[in-house]
Amino acid sequence: MGRTRKSCCCIFLVILVIAALIAGGIAYAVSKSKKNSDASANIADERKYAEALKVSLQFLHIQKAGKLVNNKISWRGNSALKDGSEVDVDLSKGLYDAGDHVKFGFPMAFTATILAWTILEYGESMKKVDQYKPATDSLKWITDYLVNAHPKDNMLYVQVGDADADHKCWDRPETMSDKRPVVQINKTSPGSDVAAETAAALAAASLVFKKSSDDTSYSEELLKHSKQLLSFADKYRGLYSASLPKVKKYYNSTGYGDELLWAGAWLYHATGEKTYLNFVTGKAADDYANWDEPTWFSWDNKLPGAQVLLARSSFFDEEAGGNSVIGNYKQTAEAVMCNVLPNSPKTTSSRTDSGLIWVSEWNSLQQPVAHAFLATLYGDYMKKSNNKKLDCDGETFSPDDLRDFAISQANYVLGKNPEKMSYLVGMDGFGDKFPQFVHHRGASIPADEKPSCSEGFKWLESDEPNPNEATGALVGGPYLNETYVDARDNVKQGEPTTYSCALAIALFSSLTTTHEVDKSLS
């Protein structure tokens, strides 16, 4: 009996060992399969983001004014060739800001700043998917315009076209016939916000062209204008929408302190000069930095961008990193991150049931896309500096958590939403459709038609989808209840803008490939 029991025990132990080995093997195989599956999913998603990047960049080409070079948009042609001629300045280039034909300098400059920032941080990712040159070409199209718009030290042309008159027309840019007056700011009619934003754009772009061209003269020219414009913005302070009341209906500025800090931060990165470090850490910081109060990044509010940009200095710049005020910028940038991370104790309630950041009924996608970009970027700063933890009121988060948040917003935009609607025109993404009735004049009118100002309204009112695809247009987006009405006269939801497009380019570039940011932008 004893031997039998021992034999049974031995057999039982062998069976247990074999079972354990089999279970371990299965677990390993499942784990390996899951890892392979996750890796494959990540690669598939990165390909979608690369496609979304390529598609988004096409919208900037659609929005170009002037004599188009190597035009690849079949339904676009030369337009606005005489812009600025009444003041003997060539303002023919630049971008139409949305579905109309006005050139608003304030959002256009912001578009350029974001595009330049993206190229500086994620240019290598852009190169891997052959989108670096299209991005730099579009950037130069804007900066050429901005340089020409600044013919004197203390003067800047900030608008071409009468917005009220323009919005009474529905025509193609190639055939528009209404007068296109130019509007300026100067010593007696200041505009610190738009002047400083333009300074930021030119400083950031100067770094791009310093890196991307053997000829540094263009970069130096941009930097010269940038310095002059910040000096002008700082010396003659005032809101441009106070000096030019008509713009309040379209791009009303709520302050200029954020742009002053934003421009100072960019000039510090572009020059390394202590003058600009002192500027962003001195009285301007005391007056405008709003420490530990996270706000929403947009064409009107640059503070979150400035905070993240100056936090970069805290991570990588030994001289600036030891400055306590730069530390305050980093701390506030962290508050911005904690505000959007969904599991943070300090997370915002400003989001839809499906998790999309939602702040405004007009152009609702601007803030989620903007903050998704900032989150990826901040996470990449953390990774590069080997800083693995972000503290949000006692809860810690990693760079991967920030990237996961950004991915959630990007995926929502591309169709992972209740409507199964990709809000990027020309790409189904993760959904099964994209908008067909985009609020965009050029897209809505057949290319062989030449309607007058008023004759074109029949296409605004048409029940047919747009005959021309506004490829790359990021439409305004869903309402808080996550519905979207695809109608051409639904301006709140259906009108795309160049600055939202630039933010989308930034977000998709940051997710296209796994890439380490450089410690220096210069």
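Residues numbered from 1 in each chain as written. Predicted model: local features only at pLDDT ≥ 70, side-chain atom pairs only at ≥ 80, totals over all residues. Heavy atoms only, no water.

### Digging into the state of the cysteines
Under the convention used in this document: Counting rule for disulfides: a pair of cysteine sulfur atoms within 2.5 Å. Helix numbering and strand numbering both begin at the N terminus, where a helix is a DSSP run of H or I of at least 4 residues and a strand a DSSP run of E of at least 2. Burial classes follow relative accessibility: with a 1.4 Å probe on protein chains only, a residue under 20% of its type's maximum area counts as buried, one over 50% as exposed, and anything between as partly exposed.
The full count for this structure, using the stated rule, is two disulfides. Between the sulfur atoms of Cys169 and its disulfide partner Cys453 the distance amounts to 2.0 Å. Taking the sign of the S-S torsion, -90° for the link of Cys169 and Cys453, the bridge is left-handed. Note that Cys169 is positioned in the loop between helix 4 (163-166) and strand 3 (182-186) and Cys453 in the loop between helix 17 (441-444) and helix 18 (457-460), a separation of 284 residues in sequence. Residue Cys169 is classed as buried on the basis of its relative accessible area, which comes to 4%.

### Side note on the pairing of strand 2 (residues 155-160)
For the record, the criterion: One requirement defines pairing of two strands: DSSP has to find at least two bridges between them.
For strand 2, the buried fraction is high: six of the six residues fall into the buried class. When strand 1 (residues 103-104) meets strand 2, the two strands line up antiparallel, connected through two bridges. Paired with Lys103 across the bridge in strand 2 is Val160. Inspection of the sheet shows strand 2 paired to strand 3 by five bridges, in the antiparallel sense. By the bridge assignment, Val160 is partnered in strand 3 with Val182.

### Let's talk about the UniProt feature "domain: Glycoside hydrolase family" (unreviewed entry) in the protein
Applicable threshold: UniProt positions are given in the numbering used here, feature names are shortened, and annotations may be inferred rather than shown by experiment.
Taking the UniProt record as the reference, the feature "domain: Glycoside hydrolase family" (unreviewed entry) is found at residues 49-506. What you have in residues 49-506 is 49% helix and 4% strand, and the ends, taken at the C-alpha atoms, are 11 Å apart.

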